[in-house]
Amino acid sequence: MNYFQETIGPYPFKQLDIVLDGLGMEYPGIVTAHKIYDSGPVDPVVLKSMVVHEIAHQWFYGMISNDPYNDAWLDEGFVGFATGLFHFSKSKQSVPYESVYKQIEHLELPVNLPLDLYESDMNSYVYGKSPVMLWRLFEKNGGIKEAEKFLKNYYQFYKYKEINSKEFVRFTKYYFDLEDDSLFQDWLLIE
Ligand SMILES: [Zn+2]
C-alpha cells in the first residue's frame with residue numbers, strides 16, 4: 001500500500017480489506033487471495049505476490065478503468081508491471097530483462113485482442129506478455145525510476161477515467177516524445 005501510494009498516487013478509501021479465501025480477485029476496497037481456479041491453496045510465497053497483485057488492482061481497475069473484454073491487458077498488464085516494480089525496487093535486484101523476454105518470445109499475437117480471439121493461451125498474453133512489453137518499453141526509456149514517474153503521471157491523468165489501448169499509445173507517445181509506433185508494433189494492435 002505504501003509503495004503504491006507513494007509511487008502511483010493516493011488510495012481513495014479509508015480502509016482496505018484483505019480476505020484470505022477464494023480466488024485471487026479484486027473489488028473496490030476489498031481483495032481476496034487464496035487459490036487460482038481449481039488449485040488448492042497456493043503456497044505462502046505465491047500468496048504474498050497474489051495479495052500484492054490484487055492490491056495493485058485498486059489503482060489499475062479501481063481508479064483507472066478499462067474494458068475487461070477488449071482491453072483486459074490494460075489493468076492486468078499494469079498490475080503485473082507494478083507488482084514487478086514493487087519487487088525490484090524493494091529488493092534492489094537488477095531486472096533480468098533477457099530471461100523475461102525469453103518467456104514470451106513464442107507469443108506472436110498482440111496483447112489487446114478481444115478475449116474470444118485467443119485460444120487457450122489467453123492468460124499468457126493478458127498476464128504474461130503485456131507486463132513484459134511494459135518492461136521493454138521502460139527499459140528503452142529510463143528504467144525503473146522513469147517507470148515510477150510515468151505511473152504517477154498516468155494516474156494523475158486517468159484516475160476516475162476509462163482508458164483504452166489507443167489512448168495508452170497516444171499518451172505514451174506524447175510522454176516520451178516518440179516519433180512513430182515502432183515501440184508498440186509487436187504487441188499492440190492499433191487501428
Ligand atoms: Zn489481476
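Remember, predicted model here, so these are calculated numbers, not experimental data. (Residues numbered from 1 in each chain as written. Predicted model: local features only at pLDDT ≥ 70, side-chain atom pairs only at ≥ 80, totals over all residues. Heavy atoms only, no water.)

### Let's talk about the packing of helix H6 (residues 143–158) against helix H7 (residues 165–176)
In the contact formed by H6 and H7, the axes pass within 12 Å of each other and the chain directions differ by 125 degrees. On the basis of their axis angle, the class for H6 and H7 is oblique. Considering the relative orientation of H6 and H7, their crossing is right-handed. Contact residues: H6 offers Glu 146, Lys 149, Phe 150, Asn 153, Tyr 154, Phe 157 and Tyr 158, while H7 offers Glu 167, Phe 168, Phe 171, Thr 172, Tyr 175 and Phe 176. (Axes fitted to C-alpha atoms, helices over the stretch in contact; angles between N-to-C directions. Helix = DSSP H or I, 4+ residues; strand = E, 2+ residues; numbered from the N terminus. Parallel < 35°, antiparallel > 145°, perpendicular 65-115°, else oblique. Left-handed = near helix turned anticlockwise from the far one by under 90°. Contact = heavy atoms within 4.5 Å.)

### Here's the deal with the UniProt feature "domain: Peptidase M1 membrane alanine aminopeptidase" (unreviewed entry) in the chain
Per the UniProt annotation, the sites labelled "domain: Peptidase M1 membrane alanine aminopeptidase" (unreviewed entry) are residues 9–183. Split by type, residues 9–183 is 50% helix and 7% strand. Its first and last C-alpha atoms lie 26 Å apart. (UniProt positions renumbered as here; feature names shortened; annotations may be inferred.)

### Regarding the UniProt feature "active site" (unreviewed entry) in the chain
With numbering matched to this structure, UniProt assigns "active site" (unreviewed entry) to Glu 54 and Tyr 127. Taken along the chain, the residues just named run across 74 residues; in space they keep tight, none of their C-alpha pairs more than 12.9 Å apart. In this structure Glu 54 comes out as buried when scored by relative accessible area, which is 5%. Contacts of Glu 54, omitting those with residues within four sequence positions, involve Gly 24, Met 25, Glu 26, Val 31 and Thr 32. Within the element layout of this structure, Tyr 127 appears in helix H5 (residues 122–139). (Buried < 20%, exposed > 50% of the residue type's maximum accessible area, 1.4 Å probe, protein only.)

### Description of the nonpolar core
In terms of nonpolar packing, the biggest core is built from 61 residues, with Phe 60, Phe 78, Tyr 154 and Phe 168 touching the most fellow members. Mapped onto this core, the elements with two or more residues apiece are helix H1 (2–7), helix H2 (44–56), helix H3 (72–91), helix H4 (97–104), H5, H6 and H7. The element that contributes the greatest number of residues to this core is H3, accounting for nine residues. Discounting chain neighbours no more than four positions away, the residues touching Tyr 154 are Phe 60, Ile 64, Leu 74, Phe 78, Ile 163, Phe 168 and Phe 171. (Core = buried A, V, L, I, M, F, W, Y, C linked by side-chain atoms within 4.5 Å.)

### Points about the coordination of the zinc ion
Within the first shell, the zinc ion binds the protein through His 53 (NE2), His 57 (NE2), Glu 76 (OE) and Glu 76 (OE), at distances of 2.1 to 2.7 Å. If you list the donors of the zinc ion from N- to C-terminus, the spacing comes out as H-x3-H-x18-E. Of this pair, His 57 sits in the loop between H2 and strand E4 (64–65) while Glu 76 sits in helix H3; the two residues are 19 residues apart in sequence, bridging distant segments of the chain. With relative accessibility at 8%, the residue Glu 76 sits in the buried group. (Donors = N, O, S within 2.8 Å, 3.2 Å for Na, K, Ca; no water.)

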